[in-house]
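In case you want the letters, here they are:
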Amino acid sequence: MILVITNKEDVHPTPVIEILNKRNIPVFRLNTESLLTDYEFCWWNDSDNTHFYITNRQTGLRLDEVNLTTVWDRRPERPSELPINGTEAINKHNLEEAIGFLRFLRSYIANKPSLGSIKFDGLASSKMEQMRIALLVGLNVPNTCFSNCQENIIAMAKQFDELVLKPIDSNGVWNEEDEQEYVFYTQKVFSEAIMSAPKEAFTQTVSFVQNYIPKAFELRVTVVAGKVFCCKIESQHLADDCGRIDWRQGDDKGLKYSPFTLPDDISQKCLQFLRLMKLNFGAFDFIVTPSGEYVFLECNPNGQWLWIELETGMKISEAIAAALETGKGLIAY
């Protein structure tokens, strides 16, 4: 049986599970925010061995350790639902215990063939480690700096006319007053503006800065168990604040998507990157410059891909289903 660890809002597993259901392959979906309300479970050991089971209380479907074949550690959320509400302190304690159990269980099954990994996804999310590995495999990368020191950022600004500022680990902020979420997108700035900014603009946070790289177009490269799917993203006909700098801003403003044949040497470097990161899945972002240079930006170890399939028809769901069904291409690290 295939175990899919995710959350209720995640739509990505749905087409994969539908494919597997048509093939009569048993799948157990664990929506982790409802761990305590929708599931019954137990892990135990005796003098001979270890065991666990999880049962879906609504459907009666049961996953036993002995029939677990592969795992898709997709998008788990912290358990947040309780069968009975108690005091704030008791609720906090009970949920923390559930969070701990879930972490233990995911680590316990981490040796199974899997897409996504509690052991390696977090490590592979480090932009610093990604730059190190990208350079190691021979990919072109932007000059990059993380710092809370004005002098370091200015030293980089002196090398380039334009820089980009990027968020490190925060997607945005929620404003309680107007009940709006403000998303942090990549911003292009002139180096002169960086050099004239006050010191406290740097000491109050950590700045993530790269040199601006001109684009002919961008690529999203999705790798599933050794299979490479490449999508061309054309955004340079848009305005700067509508997707030209950060294509995510142009999602509803006329972005163009199409399948793209990635040069074999770039494909091989992506595969080598994932092997060194101990990953079976990766969503890479590249810039292709007007001169035809391929520049690595980042690799999300558990990134989104369904929109690519819907826009281009590339059969990423089928590749994921095949990998989970057979285990082929899933390296157990």
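Everything discussed here concerns the structure shown above.
Only a predicted model underlies this, so the values are computations on that prediction, with no experimental measurement involved.

The rules behind each value
- Residues numbered from 1 in each chain as written.
- Predicted model: local features only at pLDDT ≥ 70, side-chain atom pairs only at ≥ 80, totals over all residues.
- Heavy atoms only, no water.
- Helix = DSSP H or I, 4+ residues; strand = E, 2+ residues; numbered from the N terminus.
- Expected span 1.5 Å × (residues − 1).
- Buried < 20%, exposed > 50% of the residue type's maximum accessible area, 1.4 Å probe, protein only.
- Arc of directions from axis to C-beta.
- Core = buried A, V, L, I, M, F, W, Y, C linked by side-chain atoms within 4.5 Å.
- Contact = heavy atoms within 4.5 Å.
- Salt bridge = Lys/Arg side-chain N within 4 Å of Asp/Glu carboxyl O.
- Pairing = 2+ DSSP bridges.
- Axes fitted to C-alpha atoms, helices over the stretch in contact; angles between N-to-C directions.
- Phe/Tyr/Trp six-rings, centres within 6.5 Å; stacked < 30°, edge-to-face > 60°.
- Lys NZ or Arg CZ within 6 Å of the ring centre and 35° of its normal.
- Disulfide = S-S within 2.5 Å.

J.: Any chance you could break down helix H9 (residues 264–277) for me, citing the residues and the numbers?
T.: Its 14 residues give H9 an end-to-end C-alpha distance of 20 Å, which sits within 8% of 20 Å, the value for a rise of 1.5 Å per residue. Ile 266, Ser 267, Cys 270, Leu 271, Phe 273, Leu 274 and Met 277 are the residues of H9 that are buried. Each buried residue of H9 sits inside an arc of 155° when the element is viewed along its axis, so together they form one side. With its phi angle positive at about 60°, Lys 278 sits one or two positions after the end of H9.

J.: So what about the nonpolar core? Which residues, and what values?
T.: Val 16, Trp 72, Leu 115, Val 224, Trp 305, Ile 316 and Ile 320 are the most contacted members of the largest nonpolar core, which has 32 residues in total. Those elements that provide at least two residues to this core are strand E1 (2–6), helix H1 (13–22), strand E15 (227–234), strand E17 (281–288), helix H10 (306–312) and helix H11 (316–326). By residue number, the principal contributor to this core is H11, which donates six residues. Ignoring any residue separated from it by four or fewer positions in sequence, one finds Leu 115 in contact with Val 71, Trp 72, Asp 73, Val 224, Ala 225, Asn 280, Phe 281, Ile 320, Leu 324 and Leu 330.

J.: Break down the pattern of salt bridges for me, with residues and values.
T.: Across all of its chains, the model carries 11 salt bridges by this definition. When the shortest N-O distance is used, the salt bridge between Glu 218 and Lys 215 registers 3.2 Å. Here Asp 285 ties to Arg 220 by a salt bridge, and the two come within 2.7 Å at their closest N and O atoms. In this pair, Asp 285 is assigned in strand E17 and Arg 220 in strand E14 (residues 217–224), connecting sequence segments 65 residues apart. Residue class for Arg 220 comes out buried when judged on its relative accessible area of 10%.

J.: How would you sum up unusual backbone geometry? Please name residues and give values.
T.: Its identity is not glycine, yet Asn 24 carries a phi of approximately 60°, on the positive side. By the secondary structure assignment, Asn 24 is in the loop between H1 and strand E2 (27–31). One non-glycine residue with positive phi stands out, namely Ala 225, at about 50°. For Ala 225, the location among the structural elements is in the loop between E14 and E15. A relative accessible area of 16% means that Ala 225 is categorised as buried.

J.: Give me the lowdown on the sheet that holds E14, citing residues and values where you can.
T.: If you trace the five strands from one edge of the open sheet to the other, you get E16-E15-E14-E17-E18, paired in antiparallel fashion. Lying at the two open borders of the sheet, with one neighbouring strand each, are strand E16 (256–259) and strand E18 (294–300). Each strand axis lies, on average, 25° off the axis of its neighbour in the sheet, ignoring direction. Pairing analysis gives eight bridges linking E14 to E17, with the strands arranged antiparallel. Looking at E17, one finds that Arg 220 is bridged to Asp 285. Contacting E14 and E15, H11 runs over the sheet at an angle of about 25° to E14.

J.: Now, about the environment of Thr 205: what can you tell me, with residues and values included?
T.: Turning to its location among the elements, Thr 205 is positioned in the loop between helix H8 (200–203) and strand E13 (207–211). Taking the relative accessible area as the measure of exposure, Thr 205 reaches 43% and is therefore partly exposed. In sequence terms Thr 205 and Asn 148 are 57 residues apart; their C-alpha atoms lie 6.1 Å from each other. The contact partners of Thr 205, leaving out residues within four places of it in the chain, are Ser 147 and Asn 148.

J.: Account for the packing of aromatic side chains, naming residues and giving values.
T.: Applying the stated criterion to the full structure yields 14 aromatic pairs. Ring centres of Phe 286 and Phe 296 lie 6.0 Å apart, and the angle between their planes is 80°; on these two criteria the pair is classed as edge-to-face. Remark: Phe 296 occurs in strand E18 and Phe 286 occurs in strand E17; sequence separation between them is 10 residues. Judged on exposure class, the residue Phe 286 and its partner Phe 296 are both buried. Sitting above the plane of the Tyr 53 ring, Arg 62 keeps its charged end 4.0 Å from the centroid. Above the ring of Tyr 212, the side-chain terminus of Lys 188 is found at 4.6 Å from the ring centroid.

J.: Account for the sheet that holds strand E9 (residues 162–166), naming residues and giving values.
T.: A sheet is described by the order of its strands in space; here four strands give the open sequence E8-E13-E9-E12, paired in antiparallel fashion. Each of the sheet's edge strands pairs with one partner strand only, and the pair in question is strand E8 (144–147) and strand E12 (187–190). When the angles between neighbouring strand axes are averaged without regard to direction, this sheet yields 30°. Sitting on the sheet, helix H6 (residues 150–157) touches E8, E9 and E13, and the angle it makes with E8 is about 165°.

J.: Give a description of the state of the cysteines that names residues and reports values.
T.: The tally for this structure, following the rule as stated, stands at zero disulfides. Cysteine Cys 231 shares no disulfide, and the gap to the nearest cysteine sulfur, in Cys 230, comes to 7.3 Å.

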